[in-house]
Amino acid sequence: MEYMKFKITFQVTKPGQMLPLSYQYELSSWIYSLMAIGNSDFTDFLHQKGFASAGKKYKFFSFSQLCFPPKGFSIQGDKMKINAKEISFEISFLMDNASQNLIIGLFEKQQMRLGDRQTQVDLFVKSVELLPEAILEQKTVKLSCSSPMVVSAPVIFGKKLQHRYLSPNDAEFESYFVQNLIQKYVAATEHELIKPSAGADSIPISFKLLSDKAAVKSRLIKLKANCPAETKVKGFLFDFEIDAAPELIKLGYLSGFGHENAMGFGSVKLIS
């Protein structure tokens, strides 16, 4: 399993512009468009099929929320005014080592207009930095969400399958969190993204919430905002401890925990 976690720093070309609070879908679309430049067949594969296993599809990458310096933005309704001259985010991939230079080359010196149909901010990629590898060889690790984590339980309303989004305070959360991580591990080994490790899938996995109940923050994110296909996804920000085989912890660390990772959910950082 190769380490692929990058910090992308943007220069804000026009400070004072407004950005929707829900920008994850548009940022994800921009990432896909850059990946298509490097390998359109692979990007089409991720969009249409993904790494499928047992009826589920995985993309095996995730990214954090945008990071701002102090007083770098101010909230105005469902938008934020960008005051900072620079902002950044982190993105991580489960890919082979040969892809490292390709990823750096794709992001370098790119421009983008981030936002929905009504509000955008103009950005220029100032730098792309490969982050130092986190040491994840132990079986108990403390992590913090750098983007909202989405864990859901399927429910039937009438004849329609829907999802009930779970808070880490919910009794069912750990079960679905663990199930999702195991399914990702199975898919990653089936597609030979990682090599199976003896006993990795037999070591018990446990989740422990570290944040106080009041410190758990919910985020309701609009995907494809202001379009007929608009949907809303609910995730949560919190600190947690995971006890599992190191291979599974590293898998979640690089590809994201929970659901909707390629839309910017479930990215994490190590608590020292």
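Conventions used here
Residues numbered from 1 in each chain as written. Predicted model: local features only at pLDDT ≥ 70, side-chain atom pairs only at ≥ 80, totals over all residues. Heavy atoms only, no water. Buried < 20%, exposed > 50% of the residue type's maximum accessible area, 1.4 Å probe, protein only. Helix = DSSP H or I, 4+ residues; strand = E, 2+ residues; numbered from the N terminus. Pairing = 2+ DSSP bridges. Axes fitted to C-alpha atoms, helices over the stretch in contact; angles between N-to-C directions. Contact = heavy atoms within 4.5 Å. Core = buried A, V, L, I, M, F, W, Y, C linked by side-chain atoms within 4.5 Å.

**Student:** How would you summarise the pairing of strand S17 (residues 239-243) if you had to cite specific residues and measurements?
**Tutor:** For S17, the tally of buried residues reaches four of five residues, placing the bulk of the element in the interior. Where strand S11 (residues 140-145) lies against S17, five bridges are found, and the strand directions are antiparallel. Within S17, the residue paired with Val-141 across the bridge is Ile-242.

**Student:** Any details on the sheet that holds S11? Residues and values, ideally.
**Tutor:** Overall, antiparallel pairing links the four strands, which are arranged S14-S17-S11-S18 in an open sheet. Each end of this open sheet is capped by a strand with a single partner; those strands are strand S14 (206-209) and strand S18 (268-270). If you compare each strand with its neighbour and ignore which way they point, the axes differ by 35° on average. Helix H4 (residues 173-190) contacts S14 and S17 of the sheet and is inclined by roughly 130° relative to S14. Contacts from helix H5 (residues 246-255) reach S11, S17 and S18 within the one sheet, and its direction differs from that of S18 by about 125°.

**Student:** I'd like a rundown of the nonpolar core, residues and numbers included.
**Tutor:** Membership of the largest hydrophobic core comes to 39 residues, with the highest contact counts inside it found for Met-149, Phe-177, Phe-238, Phe-240, Ile-242 and Phe-257. Looking at this core, the elements with two or more residues in it are S11, H4, strand S16 (231-237), S17 and H5. Core analysis: the next-biggest nonpolar cluster, separate from the first, contains 35 residues, Ile-31, Leu-66, Ile-104 and Val-128 among them.

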